[in-house]
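Tertiary structure, described
Here is how the chains run, residue by residue.
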Amino acid sequence: GANLSEANLSGANLSGANLSDADLSGANLRGANLSGANLSDADLSGANLREANLRGANLCYANLSEANLSGADLSGANLSFNCFFGGSYGAPVYQACRGFCSRDATLTLLAKGEPEEWLFFTGCFRGTRAELTEAVAERHGDSKAARCYLRAIQYLVDTATDNLSCNSEN
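Residues numbered from 1 in each chain as written. Predicted model: local features only at pLDDT ≥ 70, side-chain atom pairs only at ≥ 80, totals over all residues. Heavy atoms only, no water.

With that out of the way, let us pick up the nonpolar core. In this structure, Leu29, Leu34, Leu39, Leu44, Leu49 and Leu54 are the most contacted members of the largest nonpolar core, which totals 32 residues. Aside from chain neighbours lying at most four places away, what touches leucine 54 is Leu34, Ser35, Leu39, Leu69, Ala72, Asp73, Leu74, Ser75 and Ala77. In this structure, Ala111, Leu132, Val136 and Ala152 belong to the second largest nonpolar core, which totals 14 residues. (Core = buried A, V, L, I, M, F, W, Y, C linked by side-chain atoms within 4.5 Å. Buried < 20%, exposed > 50% of the residue type's maximum accessible area, 1.4 Å probe, protein only. Contact = heavy atoms within 4.5 Å.)

So this is what it looks like as structure tokens:
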């Protein structure tokens, strides 16, 4: 719950820190080590996370709208449950529909790099479009839930592609 809004934490070692519910809006965290940090419910809107180490960080419900994630390492980070709202510089992120199956799931896309590298997150799942499509087929077959997932996947890919092409034109 700390108020670190606009703080300059560039290069800071915050590995394993508990920053849940912290206000880090507009903070400079460029190159910071946030590996394994608890950033659940944190407000990171407008934060500079360029080249930050977020390996294994908990970003559940974190607000990363307008955050700069260029070059950030998100390997093994927990990006489930609506952690991104809106786009982030360097890593456009899009949120899809809620209410899949009986667990009220949310499907999130991290559109960074080439489209075949883009990552989807839902519940405990983290993987590429191909991996998600395979997992949906295995778990849901040709059910209504499967068709809903496939439509949401396509919507997110189309939206990310459109927005990335608009950004490259500006």
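Here the narrative resumes, following the displayed structure.
Next up on the list: the side chain of threonine 128. Take threonine 128: it is sitting in the loop between strand E4 (125–127) and helix H1 (129–140). Leaving out residues up to four positions away in the same chain, threonine 128 has contacts with Glu116, Trp118, Leu119 and Phe120. (Helix = DSSP H or I, 4+ residues; strand = E, 2+ residues; numbered from the N terminus.)

The next point concerns H1. Helix length check: H1 (twelve residues) gives 16 Å between terminal C-alpha atoms against 16 Å at 1.5 Å per residue, within 8%. Within H1 the residues assigned to the buried category are Leu132, Val136 and His140. On an axial view of H1, the arc spanned by its buried residues comes to 40°, and they lie on one face. The exposed set on the far side of H1, more than 90 degrees from its buried face, consists of Ala130 and Glu138. Among the residues trailing H1, glycine 141 stands out with phi positive, at a value near 60°. (Expected span 1.5 Å × (residues − 1). Arc of directions from axis to C-beta.)

A separate point is unusual backbone geometry. Of note, the phi angle at aspartate 21 is positive, near 65°, even though the residue is not glycine. Among the secondary structure elements, aspartate 21 is positioned in the segment before strand E1 (93–100). The backbone of aspartate 41 shows a phi angle near 65°, a positive value even though the residue is not glycine. Among the secondary structure elements, aspartate 41 is positioned in the segment before E1. The partly exposed category is assigned to aspartate 41, whose relative accessible area is 41%.

Evaluation of the coordinates by the stated rule reveals three salt bridges. The partner of arginine 30 in a salt bridge is glutamate 51, with the nearest N and O atoms 3.6 Å apart. Linking arginine 30 in the segment before E1 with glutamate 51 in the segment before E1, this pair joins segments that are 21 residues apart in sequence. A salt bridge links arginine 55 to aspartate 73; the shortest N-O distance between them is 3.0 Å. Here aspartate 73 lies in the segment before E1 and arginine 55 lies in the segment before E1, a separation of 18 residues in the sequence. A relative accessible area of 25% places aspartate 73 in the partly exposed class. (Salt bridge = Lys/Arg side-chain N within 4 Å of Asp/Glu carboxyl O.)

The next thing to look at is the environment of asparagine 78. Structurally, asparagine 78 is set in the segment before E1. Judged by relative accessible area, asparagine 78 falls into the partly exposed class, the value being 30%. Residues asparagine 78 and glycine 123, spaced 45 residues apart in sequence, show a C-alpha to C-alpha distance of 9.7 Å. Residues contacting asparagine 78, with those up to four places away along its chain left out, are Ala57, Asn58, Leu59 and Cys60.

The quantities given are spatial measurements derived from coordinates; they are silent on function.
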